[in-house]
Amino acid sequence: MEKKSKVLIIGATGNTIGKHLTKLSLQNCHPTFALIRPSAFTDPNKSDLLKSLSKAGATLLKGSLEDEKSLIQAVKLVDVVICAIPSKHVLNQKLLIRVINQLGCIKRFIPSEFGSDPDKSQVSHMDHGFYSRKAEIRRLIEAQGIPHTYICCNLFMSYLLPGLAQPGLKTPPMDKVTIFGDGNTKGVFVKEFDVAAFTISTLDDPCTLNKTLYLRPPGNTVSMNELVEIWESKIGQNIEKFYISEEIFLEKIKETPYPDNMELVFIYSVFVKGDHTYFEIESSSAADATQLYPHIKYTTVSEHLDTFFMKVLISSFS
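Residues numbered from 1 in each chain as written. Predicted model: local features only at pLDDT ≥ 70, side-chain atom pairs only at ≥ 80, totals over all residues. Heavy atoms only, no water.

A. Highlighting the packing of aromatic side chains. Inspection of the entire model under this criterion finds 9 aromatic pairs. When the ring of F130 is compared with that of F266, the centres are 5.0 Å apart and the planes differ by 70 degrees; the resulting orientation is edge-to-face. One end of the pair, F130, is in helix α5 (residues 130-143); the other, F266, is in helix α9 (residues 262-271), and 136 residues separate them in sequence. Classification of F130 as buried rests on a relative accessible area of 16%. Centre to centre, the rings of Y131 and F266 are 6.4 Å apart; their planes meet at 80 degrees, and the pair counts as edge-to-face. (Phe/Tyr/Trp six-rings, centres within 6.5 Å; stacked < 30°, edge-to-face > 60°. Helix = DSSP H or I, 4+ residues; strand = E, 2+ residues; numbered from the N terminus. Buried < 20%, exposed > 50% of the residue type's maximum accessible area, 1.4 Å probe, protein only.)

B. Inspection of the side chain of H304 at higher detail. With respect to the helices, strands and loops of the structure, H304 is situated in helix α11 (residues 301-317). Sequence-distant contacts of H304, that is, excluding residues within four places in its chain, are made with M157, L161, K191 and T299. (Contact = heavy atoms within 4.5 Å.)

C. Molecular detail of the environment of K88. Following the sequence through the fold, K88 ends up in the loop between β4 (80-83) and α4 (94-103). As for K88 and F249, which are separated by 161 residues in sequence, their C-alpha atoms are 25 Å apart.

D. Seen up close, helix α1 (residues 18-27). Among the residues making up α1, those that are buried are G18, L21, T22, L24, S25 and L26. In this fold, the buried residues of α1 make contact with β1 (7-10), β2 (32-36), α2 (47-56), β4 and α6 (192-201). Once α1 finishes, C29 follows within two positions and takes phi at roughly 70 degrees, a positive value.

E. Highlighting the packing of helix α3 (residues 68-75) against α4. At a minimum axis distance of 10 Å, the contact between α3 and α4 shows a crossing angle of 45 degrees. Taken together, α3 and α4 sit at an angle that is classed as oblique. Considering how the two elements wind past one another, α3 and α4 form a crossing that is right-handed. Contacts between α3 and α4 pair E68, L71, I72 and V75 from the former with L95, L96, R98, V99, I100, Q102 and L103 from the latter. Among the residues forming the contact of α3 with α4, the class breakdown is 8 nonpolar, 1 polar and 2 charged. (Axes fitted to C-alpha atoms, helices over the stretch in contact; angles between N-to-C directions. Parallel < 35°, antiparallel > 145°, perpendicular 65-115°, else oblique. Left-handed = near helix turned anticlockwise from the far one by under 90°. Nonpolar A, V, L, I, M, F, W, Y, C, P; charged D, E, K, R; others polar.)

F. Spotlight on the pattern of salt bridges. Taken as a whole and judged by the stated rule, the model has 11 salt bridges. Linking E232 and K241 is a salt bridge whose minimum nitrogen-to-oxygen distance equals 2.7 Å. Each of E113, D117, D119, R138, R139 and E142 takes part in one network of salt bridges that share partners. (Salt bridge = Lys/Arg side-chain N within 4 Å of Asp/Glu carboxyl O.)

G. The pairing of strand β9 (residues 186-190), seen in detail. When you tally the buried positions in β9, you get 4 out of 5 residues, the bulk of the element. Bridge count for strand β7 (residues 155-156) against β9 is 2 bridges, and the pairing is parallel. Bridging across to β9, L155 finds its partner in F189. (Pairing = 2+ DSSP bridges.)

Spelled out as structure tokens, the structure:
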């Protein structure tokens, strides 16, 4: 049996993808280490998760991205480093990158991206540095010659999909919906667990080394019009549709103060500009996750919306 890479995960207690990465790394027989902030060990909100990770076989290490000594000690133990910190903290990876470069023992670094490709963004002039910060980290990794894989999963299913990409909504609308642009531009949603599954599959795969892995699963690449159609078919009724032109939508974004306008910026990026799908995946520098790993079973958009439909059914009988 081929020896599995030893993995360090930073951000293992995160609410989105970190815990899934850690558990799936262990399930795939990778010796797995998690760098945990010292304060987390006394945080009652994290105690159960830490216990479950430890019980599953993860080695918990005290440290942080600001503590160089702890980073050196942790990085020396592994072959692969995965960072899964929140997007607003991506520049905090600079010290980690310096440590990885100095030690020279890491076979692959997966930085904290897990979203749209920052190098393909068409909204950098209006996103308050959201994508430029991620691009800055990419350039630093490349300049240091660090082996890497970038994971572009586009949107997590927990974001925008529950409200059919309606600003402020957390559940699908039942009577009316706003369509931005012509409604035909496609975006991509992937469940957090599935993103972790595709990510862990790359760890010892030479096909993804120094490349970008794009997640565009069939059934999960949908337009706003298609989203509404899927929901209408589940609830058995039509929803009134209001179409907003790109020009009017841009005015709305400009009128909305930061950070409240960021949700609108992301909707504009995905469903008007098409930042998830306007470009082809070039095999020389990238790979399509579902083509590379066809064995991975993933949740489709329709299946995810079934969970909300069940809630509608339950509420109608209560």
